[in-house]
Amino acid sequence: MKRLCICVATIAFVICFLSAQRLLAPKYMESLHEGALTAEYYDDEKDNDVLFIGDCEVYENFSPAELWKAYGITSYIRGGPQQLIWQSYYLLLDALRYETPDVVVFNVLAMKYDAPQSEAYNRLNLDGMRLSRAKLGAILASMTPEETVLSYIFPIFRYHDRWNALTSEDLKYFAASESVSHSGYYMRNDVKPANIVPEGPKLADYRFGENSYKYLDKITALCESKGIDLLLVKAPTIYPHWYPQWDEQIRDYADEHRLRFVNFLERAEEAGIDFDTDTYDGGLHLNRRGAEKLTDFLGKLLAEDYGLEDRRTDAAVAAIWREKTRDYERMAEAQLRELDEYGEIRTFTY
Amino acid sequence: MYFTSSAFVLFLVVVLTGYYVSPGRFRPVWLLFANSFFCVASGWAGTACVAATCLTTWYAGKRMDRLSKSLAARLADADLVSSEAKALRRRTKEQKRLWLLLGVCVNVGILAVTKYSGFFAQNLNAMARVLGLSFTASGFDFALTLGISFYTFKALSYMTDLYRGKKTEAAGSLVQVALFVSFFPELVQGPISRYCDLSPGLFAGRIPCRDEFCAGVQRILFGFFKKLVVADRLLPAVVILTKSPDEFKGAYVLLTMWFYAVVLFADFTGGIDIAVGVAKLFGIDVTENFNRPFYSKSIAEYWRRWHITMGAWFKDYLFYPLSASSAMLKLIKPSKRIFGKGVGVRIPVYIVTTVLWFTTGLWHGASWNFIVWGLTNGAIIIVSQELSPLYKRFHARFAFSETPVYGAFQIVRTFCLMSFIRVFDIYAGVGVTLGAYASVFADFGREGFAARSVLDLGLSVSDCVVVALGVCVMISAGLWTRRAAYKGTSLTARVCLCFLLFLATTVFGCYGIGYDAKQFIYNRF
């Protein structure tokens, strides 16, 4: 009887602990939506021809729905805000537990960071990862000195003080979250032209760090070991500044490892991107219109140079993507309607 | 290594696992290894001090023990005549005293250099300035994280007990002395255990039973609750209140003293709970340091219930020896002549009491604040003793003094008085503290709560609610302890309590990023 009572108490405790953890963890549904991106991957179909990894320059600039519509290529973006290269590596490692894409597209801007940067961005990228060796690796590689592994495994130890700041959002999304992305793409339909682009500040040293190269090597080796083509890209956003010295180093690396590197900044005009209409924040990120143009350009390259097949004739896949594109169109319409009506976007989840 | 850090939790898990899987005879050695790691993790300077204390204590103890044994062997010799035996005893005692003095000097010397040299230098410089001398002394600047005052007192008690030849058997080896002095749960802020009390559990290498283990975990969790939920939530408000005494005066000084009383109680008893609980997990019983001090009806009673091991130490190793010293005994006669029989007999006691409280104040911290605070305590106790006949007459005349209401009044009065003088700990100087006291009487109405909002103290309404609930939990726990209700508590209830404490501390505790890992207040004493 005593044992039974202790068992019941233990189960009740575990339920209370996990419930408190769920309640106190940020939901990222009504603000800071990017924090929900990492977790969404696990609920999606895992049969992708292309996997994107990298920072905001992938999840805001490429549209998997457009890639499907135009080329019948299935894809997913495992991007995150200020995703550091070791996080990209471990997120790729994590994704490869579920699927093996034909091509991995990596945005190289993350090479500029050689050391852990900020706890807040670490959280946005890693909290959504399921517990695995990949997650542990990502945590250990990303932690700033004041962080602890335990608080990543049990986020309640990080977010416990949110009891003071709980909102209706925390209760509304306690049991289940909504989607904020379309296969990892974070949609924005507003427009803010890139009028004034600040000059990139001079740097003391333009060389990428050893740690960045270490993880680029790891990504390269991982893709090679799995028979995946790795495509290095630089998205066409005009700020943060992409220096010629950086470009040269990536080109040298790509040549050395027989990889392809496409700097879309140089080919933005060719892709038809107009920074007066195709960006929503003055050139930092593309809006949907810009993302679709860039995706069309990339899709052509993927289909022609990497031989990715058009899968629109596959009924099962087509059914899944039909629904995805419907959601995509619906949100686009909703956002455009809101822009007309309120002058701002209010719909970020579906 | 802070008790409240995740590193300490990890350390404890590893040490406990090692302790439980080791064969019984290796457990004390494993524990010594853990103590050493704890010291090193807290800094090399602190480790060097602990090591020096262990070595000197062990060596002085060994020499005294050898002298005692040699004396016993010689006394067993039937041929020894009485006068020879007496001379031998005297000579041995002198030799033992020499070793005791040597041990005490080295250990107190380490304490003086590391903790007090800065204070002495500061006062010397101030005196030199007054006298117009071009003289500048400088003290050593050690940032010691280990509680040097605590383990030094443990070492002194061990050597003194050996010298007296009472209660304590000499430790068999350096390992045993080191294990006693550097026992890591007591290293941060006590309790100040005696060798005779701690050593049996320490060297037995015993694994606690399930109930003991559960009680240990419960105690640790309650300690964390007090420290993280109550003390650390309220401490920032106390810091704000005391950093700007010109802004927060009048009624705010009263708020400061009550807040600080709660913070200090939750912080210190929380730390002791963790220490006692951790020791329990190793099957070791540590001397209790508190007996619900805020239920005391007088200052003297308060000091019998608050920091019991320190009070007992001062009583056994300072008050009684000093009271019985030839100097004090010689003083009785002239003081009787001057002050009369009644008061004259008590003069040596008052002198010793003053010395005791001066030392207690100095032990708490190298600053005049603590010395004045200690002397104030002593003065109140002396005045209370002097007025005790008056109290007795008053109580005999008025029957209400036996009622529970009057008892409650005495408790509240003692709490307020103790809280009032305790703020000497936290204001920047004696003058600032006295100014704050004065403002309670001078500016209470004008500069009271109207001047600044309570919310300027960095406490939200919800913080206040959490602290209030935390205080209620501590009061309930006090009542629970008094009724000894825990003795009949089932294991299931204990487990449930542990879960509740863990959840409450996890959610409402102040820790992690955004909070500074805070050392216990008594660690700096």
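Residues numbered from 1 in each chain as written. Chains lettered and ligands numbered in written order. Predicted model: local features only at pLDDT ≥ 70, side-chain atom pairs only at ≥ 80, totals over all residues. Heavy atoms only, no water.

**Digging into the overall build of chain B**
Counting its regular elements, chain B contains 19 helices and zero strands. Relative to the 2.2 N^0.38 estimate, which gives 24 Å for 525 residues, the radius of gyration of chain B is 25 Å and therefore close to what a compact globule would have. Dimensions of chain B, computed from C-alpha atoms along their principal axes, come out at roughly 85 × 70 × 65 Å. When contacts within chain B are restricted to residue pairs at least 6 apart in sequence, long-range pairs at least 24 apart make up 77% of them. Accessible surface, chain B: about 24,500 Å² in total, of which carbon and sulfur atoms supply 67%. Charged side chains in chain B number 54 positive and 29 negative. The centres of these two groups are separated by 7 Å. (Helix = DSSP H or I, 4+ residues; strand = E, 2+ residues; numbered from the N terminus. Rg over C-alpha atoms; globule rule 2.2 N^0.38 Å. Contact = heavy atoms within 4.5 Å. Areas by Shrake-Rupley, 256 points an atom, 1.4 Å probe, with all protein chains shown as cover. Lys, Arg positive; Asp, Glu negative; His and termini not counted. Charge placed at Lys NZ, Arg CZ, Asp CG, Glu CD.)

**Observations regarding the nonpolar core**
Ranked by internal contacts, the top residues of the largest apolar core, which has 141 residues, are Phe38(B), Phe184(B), Phe282(B) and Trp303(B). With 20 residues, helix α10 (residues 251-281) of chain B is the largest single contributor of residues to this core. If you look at the next biggest cluster of nonpolar residues, it comprises 47 residues, including Ala271(A), Ile273(A), Leu294(A) and Ile345(A). (Core = buried A, V, L, I, M, F, W, Y, C linked by side-chain atoms within 4.5 Å. Buried < 20%, exposed > 50% of the residue type's maximum accessible area, 1.4 Å probe, protein only.)

**Quick notes on the domain arrangement of chain B**
Residues and elements named next belong to chain B. Segmenting chain B into domains produces domain 1 (6-207), domain 2 (208-286 + 461-525) and domain 3 (293-426). Averaged C-alpha coordinates put domain 1 and domain 2 at centres separated by 29 Å. For the pair domain 1 and domain 2, the two sides together bury roughly 2,000 Å², of which 64% comes from carbon and sulfur. Where domain 1 packs against domain 2, one counts one salt bridge. The salt bridge partner of Arg206 is Glu212, with a shortest N-O separation of 2.9 Å. Inspection of the domain 1/domain 2 interface yields five residue pairs in polar contact (both at pLDDT 80 or more). Of the residues forming the side of domain 1 that touches domain 2, the biggest block, six residues, is contributed by helix α1 (residues 6-21). Its residues placed into classes, the side of domain 1 that touches domain 2 shows 18 nonpolar, seven polar and four charged. (Domains from an automatic or database assignment. Buried area = accessible area lost by both parts, 1.4 Å probe. Salt bridge = Lys/Arg side-chain N within 4 Å of Asp/Glu carboxyl O. Polar contact = N/O pair within 3.5 Å; in protein donor to acceptor, adjacent residues only side chain to side chain. Nonpolar A, V, L, I, M, F, W, Y, C, P; charged D, E, K, R; others polar.)

**Overview of the interface of chain B and chain A**
Frequently, the measure chosen for interface size is the accessible area that the parts lose on association. Taken together, the contact between chain B and chain A spans 22 residues of the former and 20 residues of the latter. Summing both partners gives a buried area of about 1,800 Å² for chain B against chain A, and 74% of it is carried by carbon and sulfur. Contact with chain A buries surface across chain B, with Phe499(B), Val507(B) and Ile513(B) losing the most and accounting together for 33% of the total. Between chain B and chain A we count five residue pairs in polar contact (both at pLDDT 80 or more) in total. Only α9 (210-243), α18 (461-482) and α19 (491-508) of chain B provide two or more residues apiece to the side of chain B that touches chain A. Here the side of chain B that touches chain A takes 10 residues from α19(B), the largest share from any one element. Residue composition of the side of chain B that touches chain A, by class: 13 nonpolar, six polar and three charged.

**Digging into the pairing of strand β4 (residues 229-234) of chain A**
All names here are of chain A. When you tally the buried positions in β4, you get five out of six residues, the bulk of the element. Relative to β4, strand β3 (residues 103-107) is paired through five bridges, and the arrangement is parallel. Within β4, the residue paired with Phe106 across the bridge is Leu232. As paired strands, β4 and strand β5 (residues 260-263) are joined by four bridges and run parallel to one another. In the strand pairing of β5, Leu231 is matched with Arg260. Handedness of the crossover joining β4 and β5 through helix α12 (residues 244-256) is recorded here as right-handed. (Pairing = 2+ DSSP bridges. Right-handed = clockwise from strand over helix to strand, strands pointing away.)

**Things to note about the sheet that holds β5(A)**
Residue and element names in this part refer to chain A. A sheet is described by the order of its strands in space; here five strands give the open sequence β2-β1-β3-β4-β5, paired in parallel fashion. Where the open sheet ends on each side, the last strands, each with one partner, are β2 (75-79) and β5. When strand polarity is set aside, the average angle formed by the axes of neighbouring strands in this sheet is 20°. (Axes fitted to C-alpha atoms, helices over the stretch in contact; angles between N-to-C directions.)

**Some words on the packing of helix α5 (residues 85-95) of chain A against helix α7 (residues 133-142) of chain A**
Residue and element names in this part refer to chain A. Axis separation between α5 and α7 bottoms out at 9 Å; the angle between their running directions is 175°. In terms of orientation, α5 and α7 fall into the roughly antiparallel class. Touching Trp86, Gln87, Tyr90, Leu93 and Asp94 of α5 are Ala134, Gly137, Ala138, Ala141 and Ser142, all from α7. Looking at the contact of α5 with α7 residue by residue, the class counts come to six nonpolar, three polar and one charged. (Parallel < 35°, antiparallel > 145°, perpendicular 65-115°, else oblique.)

**Quick look at the packing of aromatic side chains**
Residue and element names in this part refer to chain A. Going through the model one piece at a time under the given rule, you end up with 80 aromatic pairs over all chains. Aromatic pair Phe154 and Phe157: ring centres 6.2 Å apart, planes at 90°, arrangement edge-to-face. Using a relative accessible area of 32% as the deciding quantity, one classes Phe154 as partly exposed. For the ring pair Phe264 and Phe297, a centre distance of 6.0 Å and an interplane angle of 75° mean the geometry is edge-to-face. Of this pair, Phe264 sits in the loop between β5 and α13 (288-305) while Phe297 sits in helix α13, and the two are 33 residues apart along the sequence. (Phe/Tyr/Trp six-rings, centres within 6.5 Å; stacked < 30°, edge-to-face > 60°.)

**A look at helix α1 (residues 2-24) of chain A**
Its 23 residues give α1(A) an end-to-end C-alpha distance of 32 Å, which sits within 8% of 33 Å, the value for a rise of 1.5 Å per residue. Every buried residue of α1(A) is accounted for by Ala9(A), Phe13(A), Phe17(A), Ala20(A), Gln21(A) and Leu24(A). Next to the buried residues of α1(A) lie α9 (156-159) of chain A together with α19 of chain B. (Expected span 1.5 Å × (residues − 1).)

**Side note on helix α13 (residues 326-339) of chain B**
Residues and elements named next belong to chain B. The terminal C-alpha atoms of α13 lie 20 Å apart, and with 14 residues this matches the ideal 20 Å at 1.5 Å per residue to within 8%. When the local axis directions of α13 are compared, the greatest deviation, roughly 30°, occurs at Lys333, which is followed within four positions by the proline Pro334. Once α13 finishes, Gly340 follows within two positions and takes phi at roughly 95°, a positive value. (Bend = angle between axes of the 7 residues up to and from the residue.)

**Considerations on the pairing of β2(A)**
All names here are of chain A. Taking burial as the measure, the five residues of β2 include five buried ones, the bulk of the element. Side chains of β2 alternate between two faces, with Ser75, Ile77 and Gly79 and Tyr76 and Arg78 buried alike. Both strand β1 (residues 50-54) and β2 contribute to a ladder of five bridges, which runs parallel. Residue pairing in the sheet places Phe52 in a bridge with Ile77 of β2.

**Observations concerning a negative patch on the surface**
Residues Asp217(A), Glu248(A), Asp252(A), Asp255(A) and Glu256(A) make up a contiguous surface patch of negative charge. Position of Glu248(A) among the secondary structure elements: in helix α12. (Patch = residues over 30% accessible without salt bridge, like charges linked within 9 Å, V, L, I, M, F, W, Y side chains within 5 Å.)

**Topic: empty space enclosed by the protein**
Residues and elements named next belong to chain B. Applying the stated criterion across every chain, the model contains three cavities of 30 Å³ or more. Met257, Tyr260, Ala261, Leu264, Phe294, Tyr302, Trp306, Phe415, Met418, Ser419 and Arg422 together form the lining of the largest cavity. Put simply, the parts of the chain that give the lining of the largest cavity at least two residues each are α10 and α16 (404-422). For the lining of the largest cavity, the residue count by class is nine nonpolar, one polar and one charged. No fewer than three residues from each of domain 2 (208-286 + 461-525) and domain 3 (293-426) sit in the lining of the largest cavity. (1 Å grid on protein atoms, 1.4 Å probe; cavity = no way out; pocket = protein on both sides within 12 Å on 5 of 7 lines; lining within 4 Å. Points joined across faces, edges and corners; volume = space filled by probe spheres on them.)

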